[in-house]
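Listed below are the residues making up each chain.
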2 protein chains.
Amino acid sequence: MLVLITYDVNTETNAGKTRLRKVAKQCTNYGRRVQNSVFECIVDNAQCVELKAILSDIIDKNLDSLRFYYLGNNYQTKIEHIGIERGISADQVLFL
Amino acid sequence: MLVLITYDVNTETNAGKTRLRKVAKQCTNYGRRVQNSVFECIVDNAQCVELKAILSDIIDKNLDSLRFYYLGNNYQTKIEHIGIERGISADQVLFL
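Residues numbered from 1 in each chain as written. Chains lettered and ligands numbered in written order. Predicted model: local features only at pLDDT ≥ 70, side-chain atom pairs only at ≥ 80, totals over all residues. Heavy atoms only, no water.

- As recorded in an unreviewed UniProt entry, chain A goes by the name CRISPR-associated endoribonuclease Cas2, listed as coming from Blautia obeum.
- What UniProt states about chain A under its Cofactor (unreviewed entry) heading is, verbatim, "Mg(2+)".
- Its UniProt record gives chain A the following Subunit (unreviewed entry) comment, quoted word for word: "Homodimer, forms a heterotetramer with a Cas1 homodimer." (UniProt positions renumbered as here; feature names shortened; annotations may be inferred.)

Have a look at this one:
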């Protein structure tokens, strides 16, 4: 299933930048970074629980906000984009 | 239905900050700002088309990224949050 993860952190501080970097690193193990603090991850239920626990440990709960949106398996028709794009599709195969 | 709108803009420039402010103003007519550049909007199909056209006119398509995620009507069970919260539920009634 696709889980959209959005992360709000104050990146004016170095500690905030470090937390964002760590969140990005974990999320990109499961998908792609589509915006600076928006990640589309393809996970099963077990991976989702694991990822949530990891991210929960990284963030500062008194300063940061982390939101999870569950878009299910038929997510292709549920997403639209305008403007510049970054990254590749979360389930896109790369032929090198 | 709930439409999640995520907006990536470089807010290091004043022009970027102005565009983010304009996007936020339009989105909060239909819902709430849950993170700095993440908005949850409750719209019907006609409102959704209208809002997309308005936002498309505001952003700089060569610099900014705007994404729409359609979470349908039964969205309450599709969202989870960790950390600080901002705003109120998009469909929450305020008793003053």
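## Remarks on helix 1 (residues 14-27) of chain A
All names here are of chain A.
Logical step 1: For helix 1, built from 14 residues, the straight-helix expectation of 20 Å at 1.5 Å per residue is met to within 8% by its first-to-last C-alpha distance of 20 Å.
Logical step 2: The set of residues buried in helix 1 consists of Gly16, Arg19, Leu20, Val23, Ala24 and Cys27. One side of helix 1 carries all its buried residues, which in axial view fall inside an arc of 135°. Opposite the buried face of helix 1, at more than 90 degrees from it, the exposed residues are Asn14, Arg21 and Lys25. (Helix = DSSP H or I, 4+ residues; strand = E, 2+ residues; numbered from the N terminus. Expected span 1.5 Å × (residues − 1). Buried < 20%, exposed > 50% of the residue type's maximum accessible area, 1.4 Å probe, protein only. Arc of directions from axis to C-beta.)

## Overview of the pattern of salt bridges
Logical step 1: Tallied over the full model, the rule gives 10 salt bridges over all chains.
Logical step 2: Notably, a salt bridge pairs Arg67 of chain A with Glu40 of chain B, separated by 2.8 Å at the nearest N-O pair. Here Arg67 of chain A, found in strand 4 (residues 65-72), pairs with Glu40 of chain B, found in strand 3 (residues 38-42), and the two come from separate chains. Across the pair, Glu40 of chain B and Arg67 of chain A agree in class, each one buried. (Salt bridge = Lys/Arg side-chain N within 4 Å of Asp/Glu carboxyl O.)

## Observations regarding the relation of the copies chain B and chain A
Logical step 1: Expressed as a screw operation, the relation of chain B to chain A combines 0.0 Å of axial shift with a rotation of 180°, fitting to an RMSD of 0.0 Å. On the angle and the small slide along the axis, the relation comes out as a two-fold axis. Residue Leu71 of chain B of chain B places its C-alpha closer to the rotation axis than any other residue of that unit, at 3.5 Å.
Logical step 2: With an isologous cut-off of 70% or more, the 100% of interface residues of chain B that recur at the interface of chain A puts this contact in the isologous class. (Least-squares fit on C-alpha atoms with pLDDT ≥ 70 in both. Contact = heavy atoms within 4.5 Å.)

## Things to note about the UniProt feature "binding site: Mg(2+)" (unreviewed entry) in chain A
Logical step 1: Within this structure's numbering, the places UniProt gives as "binding site: Mg(2+)" (unreviewed entry) are Asp8 of chain A.
Logical step 2: Mapped onto the elements, Asp8 of chain A comes out in strand 1 (residues 2-8).
Logical step 3: Not counting chain neighbours up to four residues away, the residues in contact with Asp8 of chain A comprise Leu63, Asp64 and Ser65 of chain A together with Gln35, Asn36 and Arg86 of chain B.

## Some details on the sheet that holds strand 5 (residues 79-83) of chain B
Logical step 1: Overall, antiparallel pairing links the five strands, which are arranged 2(A)-3(A)-1(A)-4(A)-5(B) in an open sheet. Each edge of the open sheet is held by one strand with a lone partner, namely strand 2 (31-35) of chain A together with strand 5 of chain B. When strand polarity is set aside, the average angle formed by the axes of neighbouring strands in this sheet is 20°.
Logical step 2: Packing against the sheet, helix 1 of chain A makes contact with strand 1, strand 2 and strand 3 (38-42) of chain A, and its axis sits at approximately 25° to strand 3 of chain A.
Logical step 3: Here helix 2 (residues 45-58) of chain A sits on the sheet in contact with strand 1, strand 3 and strand 4 of chain A together with strand 5 of chain B, set at roughly 170° to strand 4 of chain A. (Pairing = 2+ DSSP bridges. Axes fitted to C-alpha atoms, helices over the stretch in contact; angles between N-to-C directions.)

## Observations regarding the interface of chain B and chain A
Logical step 1: Contact with chain B, which involves 34 residues of that partner, is made by 34 residues of chain A.
Logical step 2: Here chain B meets chain A over a buried area of about 2900 Å², counting both sides, of which 51% is carbon and sulfur.
Logical step 3: For chain B, the biggest contributors to the area lost against chain A are Arg67, Glu80 and Ile82 of chain B; these three give 25% of the whole.
Logical step 4: Summed over the shared surface of chain B and chain A, the result is six salt bridges.
Logical step 5: Listing elements by their share of the side of chain B that touches chain A, those giving two or more residues are strand 1 (2-8), strand 2 (31-35), strand 3, helix 2 (45-58), strand 4 (65-72) and strand 5 of chain B.
Logical step 6: For the side of chain B that touches chain A, the leading source of residues is strand 4 of chain B, giving seven residues. (Buried area = accessible area lost by both parts, 1.4 Å probe.)

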